[in-house]
Amino acid sequence: MTRNNSQTNAARDILENAAGGILHIDLDALASNWRTLREHAGGAETAAVVKANAYGTGIEKAVPALARAGCRTFFVAHLSEAIRARAVAPYAAIYVLNGLFAGTGPTYAEFDLRPVLGSFEEVEEWAGFCRAQNRKLKAAIHVDTGMNRLGLTVPQGLTLKDRGELKDFEIALLMSHFVSAEESDNPLNAQQIEAFEAVRSTLPGIPASLPNSSGIFLRDKPGYDLVRPGYALYGGNPTPDRNNPMKPVVGLNARIVQLRWVEADQTVGYNGRWVALDKRRIATLSVGYADGYPRAASARGRSGDELLAGMALVAGHTCSFAGNVSMDLITIDVTDVPESQVKRGDTVTLIGGDLTIDEVGRRAGTIGYEILTNLGARYARAYRGGEA
Ligand SMILES: *Cc1c(COP(=O)(O)O)cnc(C)c1O
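The structure displayed is predicted, hence computed values, not measured ones.

Colleague: When you look at the environment of Gln-258 in this model, what are you seeing that I'm missing?
Modeller: Summarising the element assignment, Gln-258 is placed in strand β11 (residues 250–262). Residue class for Gln-258 comes out partly exposed when judged on its relative accessible area of 41%. Expressed as a C-alpha distance, the spacing of Gln-258 and Lys-343, which sit 85 residues apart in the sequence, is 8.0 Å. With residues near it in sequence (within four places) discarded, Gln-258 still touches Ile-282, Ala-283 and Thr-284. Engagement of the side chain of Gln-258 in a polar contact is seen with the side chain of Arg-260, the distance being 2.4 Å.

Colleague: Honestly, the packing of helix α2 (residues 27–40) against helix α4 (residues 59–69) in this entry has me stumped. Any pointers?
Modeller: Running from amino to carboxyl end, α2 crosses α4 at an angle of 50°, the nearest separation of the two axes being 9 Å. The angle between α2 and α4 falls in the class oblique. In the crossing of α2 with α4, the sense of the turn from one axis to the other is right-handed. Residue-level inspection shows Leu-27, Leu-30, Ala-31, Trp-34, Arg-35 and Arg-38 of α2 in contact with α4, the latter providing Lys-61, Ala-62, Ala-65, Leu-66 and Ala-69. Its residues placed into classes, the contact of α2 with α4 shows eight nonpolar, no polar and three charged.

Colleague: Even after reading the chapter, I still don't get the side chain of Ser-326, so can you show me in this structure?
Modeller: By the secondary structure assignment, Ser-326 is in the loop between β16 (317–320) and β17 (330–333). Judged by relative accessible area, Ser-326 falls into the buried class, the value being 15%. With residues near it in sequence (within four places) discarded, Ser-326 still touches Tyr-270, Gly-288 and Tyr-289.

Colleague: Is there a simple way to think about the site of the ligand in this case?
Modeller: Around the ligand, a shell composed of 13 residues is seen, among which Lys-51, Tyr-55, Ser-213, Tyr-231 and Tyr-369 lie nearest. One of the side-chain N or O atoms of Tyr-55 is found 2.6 Å from an oxygen atom in the ligand. Side-chain polar atom of Arg-228 to a nitrogen atom of the ligand: 3.0 Å apart, as the coordinates give it. Considering the ligand on its own, with 390 Å² of exposed area, one finds that the protein chains cover 92% of that surface. The pocket occupied by the ligand, as judged from atoms lying within 2 Å of grid points, is the largest pocket. The residue makeup of the shell around the ligand, split by class, is seven nonpolar, four polar and two charged.

Colleague: Would you mind showing me how to read the domain arrangement of the protein chain here?
Modeller: Where interface size is quoted, it is often the accessible area lost as the parts come together. Domain annotation for the protein chain reports domain 1 (40–234) and domain 2 (250–384). The interface of domain 1 with domain 2 comprises eight residues on the first partner and 10 residues on the second. Around 890 Å² of area is buried between domain 1 and domain 2 when both sides are counted, 61% of it from carbon and sulfur atoms. Contact with domain 2 buries surface across domain 1, with Tyr-55, Gly-56 and Tyr-231 losing the most and accounting together for 57% of the total. Linking domain 1 with domain 2 are three residue pairs in polar contact (both at pLDDT 80 or more). Across the side of domain 1 that touches domain 2, the residue classes tally to four nonpolar, three polar and one charged.

Colleague: Looking at this structure, I do not really get the UniProt feature "modified residue: N6-(pyridoxal phosphate)lysine" (unreviewed entry) in the protein chain. What am I missing?
Modeller: Mapped onto the present numbering, the UniProt feature "modified residue: N6-(pyridoxal phosphate)lysine" (unreviewed entry) falls on Lys-51. The topology assignment puts Lys-51 in helix α3 (residues 51–55). Judged by its relative accessible area of 27%, Lys-51 is partly exposed. Those residues within four positions of Lys-51 in sequence are excluded, and the remaining contacts are Phe-75, Val-76, Ala-77, Glu-81 and Leu-97.

Colleague: Please explain the UniProt feature "active site" (unreviewed entry) in the protein chain as it appears in this structure.
Modeller: Cross-referencing UniProt, the feature "active site" (unreviewed entry) maps to Lys-51 and Tyr-270 in the present numbering. Across 220 residues of sequence, these annotated residues are also dispersed in space, with a maximum C-alpha separation of 34.8 Å. Considered against the largest pocket, the annotated residues that line it turn out to be Lys-51. Mapped onto the fold, Tyr-270 is located in the loop between β11 and β12 (274–275). On the accessibility criterion, Tyr-270 (58% relative accessible area) is exposed. Apart from residues no more than four positions distant in its own chain, Tyr-270 is found in contact with Asn-324 and Ser-326.

What counts, and where the lines are drawn
- Residues numbered from 1 in each chain as written.
- Predicted model: local features only at pLDDT ≥ 70, side-chain atom pairs only at ≥ 80, totals over all residues.
- Heavy atoms only, no water.
- Helix = DSSP H or I, 4+ residues; strand = E, 2+ residues; numbered from the N terminus.
- Buried < 20%, exposed > 50% of the residue type's maximum accessible area, 1.4 Å probe, protein only.
- Contact = heavy atoms within 4.5 Å.
- Polar contact = N/O pair within 3.5 Å; in protein donor to acceptor, adjacent residues only side chain to side chain.
- Axes fitted to C-alpha atoms, helices over the stretch in contact; angles between N-to-C directions.
- Parallel < 35°, antiparallel > 145°, perpendicular 65-115°, else oblique.
- Left-handed = near helix turned anticlockwise from the far one by under 90°.
- Nonpolar A, V, L, I, M, F, W, Y, C, P; charged D, E, K, R; others polar.
- Near = heavy atom within 4 Å.
- Areas by Shrake-Rupley, 256 points an atom, 1.4 Å probe, with all protein chains shown as cover.
- 1 Å grid on protein atoms, 1.4 Å probe; cavity = no way out; pocket = protein on both sides within 12 Å on 5 of 7 lines; lining within 4 Å.
- Sits in = over half its atoms within 2 Å of the grid points.
- Domains from an automatic or database assignment.
- Buried area = accessible area lost by both parts, 1.4 Å probe.
- UniProt positions renumbered as here; feature names shortened; annotations may be inferred.

This is the structure in structure tokens:
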């Protein structure tokens, strides 16, 4: 190891030792999940959705790891994210889902990026930009088949083929997006497939894309040219009514700053929303809602209650939160952990083992997607794997 490297490692160790929260991100698991999704994709190209900083895991780390696994197409939400992805994936196709904003054409061209066009105004603007450049640049067309959010309506999609602008640019992808693909029995899935198929048949020869993570696992899955998984890549369960076929990618440890005993009838935390019924031992963790851990996971009630609230794993014991989640701190009830097994400076698990991102989301009344995309900037980030 070079001197430089060992200095870097030492600096990293100090940062990890001083950090209130340590986020572990397993890039090998990420690559493995991409390969698993590819196996389920029925021969379609498997892209990767890396919006929102690759669902919190870090664009600069996740994109190269996925590219090394063989991924050639990436989707982001913002132009700024696309520029970051381009810096680490020089040869990939990169699409910007949130559409074309006025005057951004030159930036798309400079970084060789592709807008996802979702209205006739955007189509006209992109076509105009391409005419002015005298280049047939690539873009995707988004057709809204039920979300009522982004994209041409189905009737608009059916008339697209007659529009003069189509000679000015290249439609590299025709896409739509599922509303509830994680509910495999939802009749909307088949309705969306049918509506998309109608538009697709008017534009033969253009590659088509519909499934997100859960869409890949639908029983009657559409056999399109490209699939766009996001959540499942990062370990989220794309099949909530069945076992999770994905490997966990993200783990979160939090450091214990203090331990204390509280007497019966004392409360813990802001507003005194949790009451100790008997003498309890409380550990205070150096992570809070400012780190993206949801305040909605606060435990309001009495010690021993079964609350739908946050949990931590402490030396193999499951411990419930006690009281409100604060900005920078979380208090947990460690009374049931043998005293010798928990001390100041130890780290406990907030995400990991049975505390999957789906479970952490459920306990905060939200979804794992929100847990991932809020993973805070204050955590020390420890990446493993990702080499070719
Ligand atoms: C976010 C997103 C995806 C990925 O969805 P997951 O459920 O995370 O797999 C795919 N397509 C579009 C249009 C999206 O916005």
